[in-house]
Amino acid sequence: MLRCLRVLPARVTRNFSRCCSNYVARMRFINKLKEDEGACLTALESGDVFLYHTLAPLLRKTQQGVFQLPLLPFKDLEGILNRLGKDGSMVKDSVLITCTEQNRALFCLDVGELDQRAVEKECGGNFVDLRKAFFTLRGEEAPLVARGQALLRWHQGNGFCSASGKPTTRNQAGSQRVCHSNGLIYYPKMSPVIITLVSDGKRCLLARQASFPRGMFSALAGFCDMGETLEETLRREVAEEVGLEVVSVRYSGSQHWPFPQSSFMVACHATVSPGNTQVDVDHEELEEARWFTLEEIRAALKLRTPPRDPRDQPPTIWVPPSYAIAHQLIREWVDDQEHPYDGK
Ligand SMILES: NC(=O)C1=CN([C@@H]2O[C@H](COP(=O)(O)OP(=O)(O)OC[C@H]3O[C@@H](n4cnc5c(N)ncnc54)[C@H](OP(=O)(O)O)[C@@H]3O)[C@@H](O)[C@H]2O)C=CC1
Ligand SMILES: [Mg+2]
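Nothing here was measured: the structure is a model prediction, and the numbers come from that model. (Residues numbered from 1 in each chain as written. Chains lettered and ligands numbered in written order. Predicted model: local features only at pLDDT ≥ 70, side-chain atom pairs only at ≥ 80, totals over all residues. Heavy atoms only, no water.)

1. Considering the overall build of the protein
So, point 1. Counting secondary structure elements, the protein contains nine helices and 17 strands.
So, point 2. Burial analysis of the protein (344 residues in total) assigns 44% to the buried set.
So, point 3. Contacts in the protein between residues at least 24 apart in sequence constitute 66% of all its contacts with a sequence separation of at least 6.
So, point 4. Accessible surface for the protein amounts to roughly 18,800 Å². Of this, 52% is attributable to carbon and sulfur atoms. (Helix = DSSP H or I, 4+ residues; strand = E, 2+ residues; numbered from the N terminus. Buried < 20%, exposed > 50% of the residue type's maximum accessible area, 1.4 Å probe, protein only. Contact = heavy atoms within 4.5 Å. Areas by Shrake-Rupley, 256 points an atom, 1.4 Å probe, with all protein chains shown as cover.)

2. Let's talk about the coordination of the magnesium ion (ligand 2)
So, point 1. For the magnesium ion (ligand 2), the full set of protein donor atoms is Ala-221 (O) and Glu-241 (OE), and the range of their distances to it is 2.2 Å. Taken together, the positions of Ala-221 in strand β14 (residues 220-223) and Glu-241 in helix α7 (residues 230-242) put the pair 20 residues apart, joining distant regions of the chain. (Donors = N, O, S within 2.8 Å, 3.2 Å for Na, K, Ca; no water.)

3. Focus: the state of the cysteines
As used in these notes, a disulfide is a covalent bond between sulfur atoms, one from each of two cysteines.
So, point 1. Counting across every chain of the model gives zero disulfides.
So, point 2. The cysteine Cys-204 is free of any disulfide, with Cys-268 supplying the nearest cysteine sulfur at 15 Å.
So, point 3. Judged by its relative accessible area of 0%, Cys-204 is buried. (Disulfide = S-S within 2.5 Å.)

4. Section: the site of ligand 1
So, point 1. Not every one of the 20 residues close to ligand 1 is listed here, only the nearest: Gln-209, Ala-221, Phe-223, Glu-241 and Ala-326.
So, point 2. At a separation of 3.4 Å, an oxygen atom of ligand 1 approaches a polar side-chain atom of Glu-237.
So, point 3. Here Gln-255 contributes a side-chain N or O atom positioned 3.2 Å from a nitrogen atom of ligand 1.
So, point 4. When isolated, ligand 1 has an accessible area of 930 Å², and the protein chains bury 58% of it. (Near = heavy atom within 4 Å. Polar contact = N/O pair within 3.5 Å; in protein donor to acceptor, adjacent residues only side chain to side chain.)

Here's what the structure looks like:
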């Protein structure tokens, strides 16, 4: 009975007006690079590349102690590869990521077949685990490393056609792979996931899986089943995981989430009626789920890093860091409590 599920209008209208005025031209340029092999190669030769080694991105620490994603101009990277005894043409295996406002194309490349330490020495940086990189980098660099790894991982796992068993070939941009024996085209894959912060009007519901770091609670999440709408997934996941029936849904935002593999997270607020708040946790999925008051959530949001509680004491409650869309949902919920929406 989905009729009772109300989908409320998004409360926040995204404001794109601060985006650069050449946005349309830039998007069309990127699209051209995906379709025109020659244009893509030319863009690569005048563009920049960032590196991975077996899917771990290369980061460099500045003198101020800030981590950055080093961007290597094509020619410099060719030189580095030559010095490491590799044919410089390996740079052409780079995958298109985006382009700057000045239409300078940005690519990434996995140099996993080279000696890791030798590349680090040549480039002046270190290859670090994606999770560490994702939470260390600032601003727009974090989504870039996530996107790069997702694309490289997809290429590494899709070298063969699942219908013919024959090798697939990528286009220059790396935005698709083709099986030439049957014409099948493969595109990078993401799994849609719904993440929802359930509220009863006064409290919000957070849960933890046994695999979460000690003390960390997050919003409920779950993968979409084939054929489901997002609203149906949300309603099903909340019912399955905590035994509650959702009565309204409001869209909040979305995020590409690289862990453990590419998920497309769609974040929503949901409500249950105040008379229907008895939580019945599915312990196959969750270790714990419970309602939190506004004061408890405010305290959890104040913690910037995981607290170092002694093992013999109950853990301090904390929530995912600001890059996780769960954090955005939790902050919005606090804002809603402090400045209730009048529907206008
Ligand atoms: N960015 C953020 O703020 C947050 C992101 N997340 C992410 O959301 C995702 C989903 O959350 P989670 O609670 O684990 O999901 P679910 O509640 O759907 O449970 C995961 C289980 O679903 C099954 N499953 C169904 N479809 C898929 C698929 N396409 N890929 C993998 N497993 C699938 C698997 O079970 P089986 O193997 O038994 O079939 C898996 O163990 C995770 O990747 C998690 O990292 C979660 C919270 C916060
Ligand atoms: Mg789940």
